[in-house]
Amino acid sequence: MKRPTSRRSLGSINDDENEAASVPAHLPVLFEEALVALAVHAGGLYVDATYGGGGHTRGIVARGGRVIAFERDPAAQPAAGPRGDVTLLRRDFADLAAALDEFGIATIDGALFDVGLSSLQLADPERGFSLLRDGPLDMRLNPSGGPTAYDLLARSSEAELADLIFNNGEERAARRIARAIVAARQAGRLPHRTLELARLVAGVVQRSGKRERIHPATRTFQALRITVNDELGALDRGLAAAAARLRPGGRIAAISFHSLEDRIVKRRFRDDERLRVITRKPLLPSDDELARNPRSRSAKLRVAERLSIVRS
Ligand SMILES: C[S@@+](CC[C@H](N)C(=O)[O-])C[C@H]1O[C@@H](n2cnc3c(N)ncnc32)[C@H](O)[C@@H]1O
């Protein structure tokens, strides 16, 4: 394996202290499970496709691994491990193949995908991800370019909105929500802010008799976020690129947070002839983790291993 020719190194900052002083830290989900699944060994080269707060990266480095990390969000803070063990690329993991080529890396020992949002992104109202904190309807993981959630609401037809809310949010009331958004738009009252949109959707989604565990606008927000960032397309491309670069016996560990992501991971692992599925059933957080970190409640970890000989 060729080493990166122009590796940028990261300073050794005590990130936990910095985070604790300012914003709530992101607790890595299924931490031990993911590191065990990756079978991290000293000197190995691993891709952390979703750097976030750097928690999993730090775990890999603590076990002697080197990390090429991807992070789409320019706000994610570089901090992990001793100098030189981590190279953080401010890129979409969908570009994994091109990025590894640029660093002259032909094969990797493992790849971790911990998709979705970090607690830090959710906690910042200005990012527009939270339906409980007021902010602009942005939702871009990389706010430096591309259409925002507001742009989607402003430009999409009613049918397009209904389809995206249904397909990316699995929201049964998608048609009614799309109709209400377009009606608000035509009346010059299209929501600009997260709480306005959350109220509009909540007013439309018929509450069933039983108490909903989630806010009525959760699925619509999920759908907008996934669409704005093409999250499902990126995930499939990233997993395929990682599978192509794994050395024989190397592993991909993927943590998903909702059924659409989990389906993509499951299918890619099952159908990719280069891979053998290690987890017939996904690994879930322990009771202890659920108590410590409620955000882990929907997490599922699936693991696959690169075959030495590709099945024909
Ligand atoms: C759940 S957090 C990861 C947390 C991380 N494992 C940790 O321990 O701190 C997901 C992160 O992945 C990033 N992300 C999501 N999709 C991405 C993509 N396609 N390319 C690169 N980063 C992405 C998000 O910006 C977010 O920071």
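Since the model is a prediction, treat every value here as computed from it, not as a measurement. (Residues numbered from 1 in each chain as written. Predicted model: local features only at pLDDT ≥ 70, side-chain atom pairs only at ≥ 80, totals over all residues. Heavy atoms only, no water.)

**Points about the overall build of the protein chain**
Per the secondary structure count, the protein chain includes 13 helices and seven strands. Every one of the 312 residues in the protein chain was classed for burial, and the buried ones make up 51%. Of the contacts formed within the protein chain by residues at least 6 apart in sequence, a portion of 67% connects residues at least 24 apart. In the form shown here, the protein chain has an accessible surface area of approximately 14700 Å², with 50% of it arising from carbon and sulfur atoms. (Helix = DSSP H or I, 4+ residues; strand = E, 2+ residues; numbered from the N terminus. Buried < 20%, exposed > 50% of the residue type's maximum accessible area, 1.4 Å probe, protein only. Contact = heavy atoms within 4.5 Å. Areas by Shrake-Rupley, 256 points an atom, 1.4 Å probe, with all protein chains shown as cover.)

**Quick word on the site of the ligand**
Close contacts around the ligand come from 25 residues, with His56, Glu71, Phe93, Asp114 and Gln121 the closest. Backbone polar atom of Gly55 to an oxygen atom of the ligand: 3.2 Å apart, as the coordinates give it. Taking Gln121, its side chain carries an N or O atom lying 2.8 Å from an oxygen atom of the ligand. Grouping the constituent residues of the shell around the ligand by class yields eight nonpolar, 10 polar and seven charged. (Near = heavy atom within 4 Å. Polar contact = N/O pair within 3.5 Å; in protein donor to acceptor, adjacent residues only side chain to side chain. Nonpolar A, V, L, I, M, F, W, Y, C, P; charged D, E, K, R; others polar.)

**Structural notes on the sheet that holds strand β1 (residues 45-48)**
One key point about sheets: their strands pair by backbone hydrogen bonds, in either a parallel or an antiparallel sense. Read from one edge of the open sheet, seven strands run β3-β2-β1-β4-β5-β7-β6, paired in mixed fashion. Only two strands of the sheet have a single neighbouring strand rather than two, namely β3 (86-89) and β6 (275-277). Ignoring which end each strand starts from, the neighbouring axes of this sheet average 20° apart. Helix α2 (residues 31-38) contacts β1, β4 (108-114), β5 (246-256) and β7 (300-306) of the sheet and is inclined by roughly 160° relative to β5. Along the sheet, helix α3 (residues 55-62) contacts β1, β2 (66-70), β3, β4 and β5; its crossing angle with β2, the most-contacted strand, is approximately 165°. (Pairing = 2+ DSSP bridges. Axes fitted to C-alpha atoms, helices over the stretch in contact; angles between N-to-C directions.)

**A word on α2**
Within the sequence span of α2, burial applies to Ala34, Leu35, Ala37 and Leu38. Taken end-on, α2 shows its buried residues confined to a sector of 160°, consistent with a single buried face. Turning to α2, the residues buried within the fold contact β1, α3, β4, β5 and β7. Following α2 by one or two positions, Ala39 adopts a phi angle in the positive range, close to 50°. (Arc of directions from axis to C-beta.)

**What to know about the confidence of the model for the protein chain**
Should pLDDT be low for a region, the predicted coordinates there are not to be read in detail. Residues of the protein chain with pLDDT of at least 70 account for 88%, and the chain-wide mean is 89. Across residues 1-23 the pLDDT falls below 50, and counting only partners more than four positions away or on other chains, this stretch makes 51 contacts in the model. (pLDDT = per-residue confidence, 0-100.)

**A word on helix α10 (residues 218-228)**
Most of α10 sits out of view: eight of its 11 residues are buried. Within the span of α10, buried status applies to Thr220, Phe221, Gln222, Ala223, Leu224, Arg225, Ile226 and Val228. In the core, the buried residues of α10 are packed alongside α6 (149-155), α7 (158-169), α8 (174-186), α9 (194-204), α11 (231-245) and α12 (259-271). Count one or two residues on from α10 and you reach Asp230, which has phi positive near 45°.

**Here we look at unusual backbone geometry**
Despite not being glycine, Ala39 has its phi angle at roughly 50°, a positive value. Residue position: Ala39 is located in the loop between α2 and β1. By relative accessible area, Ala39 is classed as partly exposed at 43%. Unlike most non-glycine residues, Met139 shows phi in positive territory, near 70°. One can find Met139 in the loop between α5 (119-123) and α6.

**Description of the packing of α2 against α3**
Axis angle and axis distance: for two packed helices, these are the angle between their axes and the distance between the axes, and together they describe the pair. The geometry of α2 relative to α3 is characterised by a closest axis approach of 10 Å and an angle of 50° between their N-to-C directions. Relative to α3, α2 is oriented oblique. Relative to α3, the crossing made by α2 is right-handed. For the pair formed by α2 and α3, the contact residues are Phe31, Ala34, Leu35 and Leu38 on the first element and Gly55, His56, Gly59 and Ile60 on the second. (Parallel < 35°, antiparallel > 145°, perpendicular 65-115°, else oblique. Left-handed = near helix turned anticlockwise from the far one by under 90°.)

**Details of the pattern of salt bridges**
Counting across every chain of the model gives 23 salt bridges. Arg193 is the partner of Asp134 in a salt bridge, and the nearest nitrogen-oxygen pair spans 3.2 Å. Here Asp134 is found in the loop between α5 and α6, whereas its partner Arg193 is found in the loop between α8 and α9, with 59 residues between them in sequence. Relative accessible area serves as the criterion here: at 34%, Asp134 is assigned to the partly exposed category. Overall, Arg193 belongs to the partly exposed group, its relative accessible area being 31%. Where salt bridges share partners, they join Asp236, Arg268, Asp272 and Arg274 into one cluster. (Salt bridge = Lys/Arg side-chain N within 4 Å of Asp/Glu carboxyl O.)

**Things to note about the nonpolar core**
Within the largest apolar cluster, 34 residues are counted, with the highest numbers of intra-cluster contacts made by Val47, Phe113, Leu239 and Ile252. Those elements that place two or more of their residues in this core are β1, β2, α4 (96-102), β4, α11, β5 and α12. If sequence neighbours within four positions are ignored, Leu239 has contacts with Phe113, Ile252, Ala254, Ile264, Val265, Arg268 and Phe269. Core analysis: the second largest hydrophobic core is formed by 32 residues, Ile165, Ala198, Val205 and Ala217 among them. (Core = buried A, V, L, I, M, F, W, Y, C linked by side-chain atoms within 4.5 Å.)

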